Protein chains: 2
Amino acid sequence: MENNLNKYSDVKNCPIRTVLDRFGDKWSVLVLLILGEVEKMRFNELLRTMGDISQKMLTVTLRTLEADDLVKRTIYPEVPPRVEYETTERGKSLLKHIHGLAGWAEENKLAILESRNKFKG
Amino acid sequence: MENNLNKYSDVKNCPIRTVLDRFGDKWSVLVLLILGEVEKMRFNELLRTMGDISQKMLTVTLRTLEADDLVKRTIYPEVPPRVEYETTERGKSLLKHIHGLAGWAEENKLAILESRNKFKG
DNA sequence: CGGAATCCCTTCAGATACTG
DNA sequence: CAGTATCTGAAGGGATTCCG
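Residues numbered from 1 in each chain as written. Chains lettered and ligands numbered in written order. Predicted model: local features only at pLDDT ≥ 70, side-chain atom pairs only at ≥ 80, totals over all residues. Heavy atoms only, no water.

I would appreciate a short explanation of the pattern of salt bridges in the present structure.
Close approach of charged atoms allows side chains of opposite charge to pair. Within the structure shown, the criterion is met by 16 salt bridges over all chains. Salt-bridge contacts for Glu114(B) lead to Lys118(B); the nearest nitrogen and oxygen are separated by 3.5 Å. Of the two residues, Glu114(B) and Lys118(B) both sit in helix H6 (residues 89-118), four residues apart, roughly one turn of that helix. Residue classification places Lys118(B) among the exposed positions, given a relative accessible area of 63%. Where salt bridges share partners, they join Lys40(A), Glu78(A), Arg82(A) and Glu84(A) into one cluster. (Salt bridge = Lys/Arg side-chain N within 4 Å of Asp/Glu carboxyl O. Helix = DSSP H or I, 4+ residues; strand = E, 2+ residues; numbered from the N terminus. Buried < 20%, exposed > 50% of the residue type's maximum accessible area, 1.4 Å probe, protein only.)

How do you make sense of the side chain of Thr61(A) when you look at a structure like this?
Residue and element names in this part refer to chain A. If you trace the backbone, Thr61 turns up in helix H5 (residues 55-67). In this structure Thr61 comes out as buried when scored by relative accessible area, which is 1%. Dropping the residues within four chain positions of it, Thr61 is found in contact with Asp25, Trp27, Ser28 and Val31. (Contact = heavy atoms within 4.5 Å.)

Even after reading the chapter, I still don't get the relation of the copies chain B and chain A, so can you show me in this structure?
Look at the two chain copies: a rotation about an axis and a shift along it is all it takes to match them. With an RMSD of 0.0 Å, the operation that places chain B on chain A is a rotation of 180° combined with a shift of 0.0 Å along the axis. Both copies are brought into coincidence by an operation consistent with a two-fold rotation axis. When C-alpha positions in chain B are compared against the rotation axis, the closest is assigned to Gly24(B), at 2.0 Å. Both copies present the same face, since 98% of the interface residues in chain B are matched by interface residues at the equivalent positions in chain A. (Least-squares fit on C-alpha atoms with pLDDT ≥ 70 in both.)

What exactly am I supposed to notice about helix H4 (residues 43-50) of chain B here?
For an α-helix the count is 3.6 residues per turn, leaving residues at separations of three or four pointing the same way. Along H4(B), the positions that sit buried rather than exposed are Phe43(B), Leu46(B), Leu47(B), Thr49(B) and Met50(B). Looking straight down H4(B), one finds its buried side chains confined to an arc of 165°; they lie on one side. In the core, the buried residues of H4(B) are packed alongside helix H1 (6-9) and helix H2 (15-18) of chain A together with helix H3 (28-35), strand S1 (41-42), helix H5 (55-67) and strand S3 (82-87) of chain B. Just past H4(B), the residue Gly51(B) takes up positive phi, approximately 85°. (Arc of directions from axis to C-beta.)

This is how it looks when you write it as structure tokens:
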């Protein structure tokens, strides 16, 4: 029983610390969810869809997702330039689990906000 | 189709921003996973199991999880004091989805680290 | 034992200005 | 259009000390 816990104690190899921590930033999950609902989307479309993300953070977020091969970036050498983003197969496989989480978040949102308000610890 | 995206554009009501962002910190998911594998665990046990978390951050993390009613805290008025933590029903329902994510992270860890290394953007 | 309080450093993230 | 570069404030998180 204690053995199951070892993977979380092994700091250097823990999958949560090495993989999931990357999506624990402010924007990655949101970008993945949005790209999961469209075929492709351009940079400024994403910017407008999210509303409250800065240009810089969208760039950083997309580059990180691209590095992990969760999002694919395609540059069309036109004038003006056009760049489109879409999810990769790996990204789609991750999205299945994220949708589970997102659904849970929606279902439990009100109850959680209520608990949060009541809690005066 | 564009309608599906509205919930992500509605900054104030977006379930990702209001609920999931709380678990996007460095430790919450890990604490939940560990508590999900035992019945109860004491403060210092958690500290030792995780290995690289500070006392302060474990306290902060547990309080946040408690406020959202994902973890229950029980104080036994003994000397020396004993405090035990366990997952609530709501915490268990969240854990089902987190296990999906954790499994994905384990399965894809090596491939992702490889992608990350190859990426020189 | 299980914290709380303080200090301090690092990282995150926004604003602004500039570019191919 | 889709970025990059730089600056700066805010937040996250660690180390240390003290307490019931």
